[in-house]
Amino acid sequence: MKPFYHLKEKFLSSRKAIERFPLPMIFSIISTVFFILSIQRNEGIKNNAKLGFFFLFATALYLNIKLFLEGIIFSKKNKFSFKNVSLLKASSYLLSLPAIFGMYLNIFYLNKEFRYNSLYIYIGCMAFLIISIFFISKLNYFEDFIPYVLNVNFQLVASIIYSMTIGIGLLIFFVSLNKLFDLNMDYKHLLSLELIVFIPLNLGFFLSDFPIIQKSFNDYEVSKEINILVNNIFIPLIYLYTLILYAYFFKIVFTMTLPKGIIINLVLWFSIFTTFVIFISAKTRGKIGQSFKKIQPVLSLPLILFMFYSIYLRINQYGFTINRYLVVALGFFSLLSMLYYIFVKNSSNMTIIVLFSIIVLISSIGPVSAYNISAISQNKRLKNILT
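In this text the structure is predicted, and so the values were computed from the model without any measurement.

Visitor: Help me get a handle on the overall build of the protein chain, residues and values and all.
Guide: Helix and strand content of the protein chain: 14 helices and zero strands. Overall size of the protein chain, expressed as C-alpha extent along the three principal axes, is 65 × 60 × 55 Å. Per-residue burial over the protein chain gives 45% buried out of 387 residues. Carbon and sulfur atoms form 71% of the exposed surface of the protein chain, whose accessible area is close to 21,300 Å². With 35 positive and 14 negative side-chain charges, the protein chain shows a spacing of 12 Å between the two charge centroids.

Visitor: Mind laying out the packing of aromatic side chains, listing which residues take part and the relevant values?
Guide: Taken as a whole, this structure holds 30 aromatic pairs when the rule is applied. Here the aromatic rings of Phe-35 and Phe-53 are separated by 5.0 Å at their centres, their planes lie at 85 degrees, and the arrangement is edge-to-face. Of the two residues, Phe-35 sits in helix H2 (residues 22-40) while Phe-53 sits in helix H3 (residues 47-75), which places them 18 residues apart along the sequence. Accessibility expressed as a relative area gives 11% for Phe-35, which makes it buried. Plain terms: the ring middles of Tyr-62 and Tyr-93 are 5.7 Å apart, the flat faces sit at 25 degrees to each other, and that makes the pair stacked. Highlighted residues: Tyr-62 in helix H3 and Tyr-93 in helix H4 (residues 82-95), separated in sequence by 31 residues. Among the aromatic residues, ring-to-ring pairing joins Phe-27, Phe-34, Phe-54, Phe-55, Tyr-62, Tyr-93, Tyr-104, Phe-108 and Tyr-109 into one connected group. Cation over ring: Lys-66 sits above Phe-21, and NZ or CZ is 5.5 Å from the ring centre.

Visitor: Can you lay out a nonpolar patch on the surface for me, pointing to particular residues and giving the numbers?
Guide: On the surface, Leu-229, Ile-233, Leu-237, Leu-240, Leu-243 and Ile-244 cluster together into a nonpolar patch covering about 560 Å² of accessible area. When you line up the elements, Leu-237 lands in helix H9 (residues 224-255).

Visitor: Before we move on, can you summarise the nonpolar core with the specific residues and values?
Guide: If you look at the biggest cluster of nonpolar residues, it comprises 64 residues, and the most contacted ones within it are Leu-207, Phe-210 and Phe-279. Top element by residues in this core is helix H12 (residues 322-343). It accounts for ten residues. Among all residues touching Leu-207, those that are not within four sequence positions of it are Ala-17, Phe-21, Met-25 and Leu-63. Grouped together as the second largest cluster of nonpolar side chains are 21 residues, Phe-34, Ile-100, Phe-114 and Leu-129 included.

Visitor: Which residues make up the side chain of Ser-118, and what are the values?
Guide: By secondary structure assignment, the location of Ser-118 is in helix H6 (residues 117-132). What makes Ser-118 buried here is its relative accessible area of 1%. If near-sequence neighbours (up to four positions away) are discounted, Ser-118 is found in contact with Asn-106, Leu-110 and Asn-111.

Thresholds, definitions, all that
- Residues numbered from 1 in each chain as written.
- Predicted model: local features only at pLDDT ≥ 70, side-chain atom pairs only at ≥ 80, totals over all residues.
- Heavy atoms only, no water.
- Helix = DSSP H or I, 4+ residues; strand = E, 2+ residues; numbered from the N terminus.
- Buried < 20%, exposed > 50% of the residue type's maximum accessible area, 1.4 Å probe, protein only.
- Areas by Shrake-Rupley, 256 points an atom, 1.4 Å probe, with all protein chains shown as cover.
- Lys, Arg positive; Asp, Glu negative; His and termini not counted.
- Charge placed at Lys NZ, Arg CZ, Asp CG, Glu CD.
- Phe/Tyr/Trp six-rings, centres within 6.5 Å; stacked < 30°, edge-to-face > 60°.
- Lys NZ or Arg CZ within 6 Å of the ring centre and 35° of its normal.
- Patch = residues over 30% accessible without salt bridge, like charges linked within 9 Å, V, L, I, M, F, W, Y side chains within 5 Å.
- Salt bridge = Lys/Arg side-chain N within 4 Å of Asp/Glu carboxyl O.
- Core = buried A, V, L, I, M, F, W, Y, C linked by side-chain atoms within 4.5 Å.
- Contact = heavy atoms within 4.5 Å.

Pasting the structure below:
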């Protein structure tokens, strides 16, 4: 009965999310209502679905604003009067209006079917806002940033597990009723229920125990399981994989052959995973993690530069595409992260996540976004072929 007890406790604790984050929770409910209307009416990506996406964006935006305000007010709690706090809140919500209006134009007018560039902008902005949740309240107080991020990650994983448990239960219940009693219930009703579980309910689970900025994590220690996972499994595997990549690198040099295209993905995802492990290793116990943080960034640099050489050959031959742009952007993030770990010895590591969020945002909107650069590159390539 313990799992059901924990689930019940989660339901009850969701009230705390509504009390602490009223606007994001309200917008998530409104978003779900519009998505359900779209499903029930079989509309596809029409006005109701677009409004669902719009209010989902508003949910993420105002969650960030609330966390940002909590961080500012806490860090300046002895300097702010009630009047100043009210002015800060009013200014923050007022400044959010251009972002809200811009996203409204993007969803409804940039592309009538909400595809291609408009969808790409939406996904990129949502990714930026989701990543920002992990650091925005800590911009003015980041001494305990790593354990704070690990705690937020734990809440995220826990909320997804709870939501998936309920979602799978609903699926089994729905299928059983249809098969056993020949009810022939439309599966769009099931999809509507799943949306309720995975949007407002999941958000409520996530935010119910979201760490408050006043809580100190300075004495936080990672669990024994994570410590073993990082020090005894992840780090040895990374060293072994690095050795394999270096062996391939020397093979290319001595045989004077061009690298295979697959090496780009092999190095890219490996370097991103390595960045993640270095980030966690700062809080693990023992000398393995500390020495890994010093050695691995230096070992990774030549591999990342080798990856850039490989992607340069592809771009020089076939031009930019969205995928190749993203490879360059993520490679640039990996390169800067390794340089950061090499030259900045004692830090909160917040720079790594902030850098990642900025690269995501730049890749999504503006003149140097992935969509614009790839379109310019492919148009130029087509003109060269035709002339």
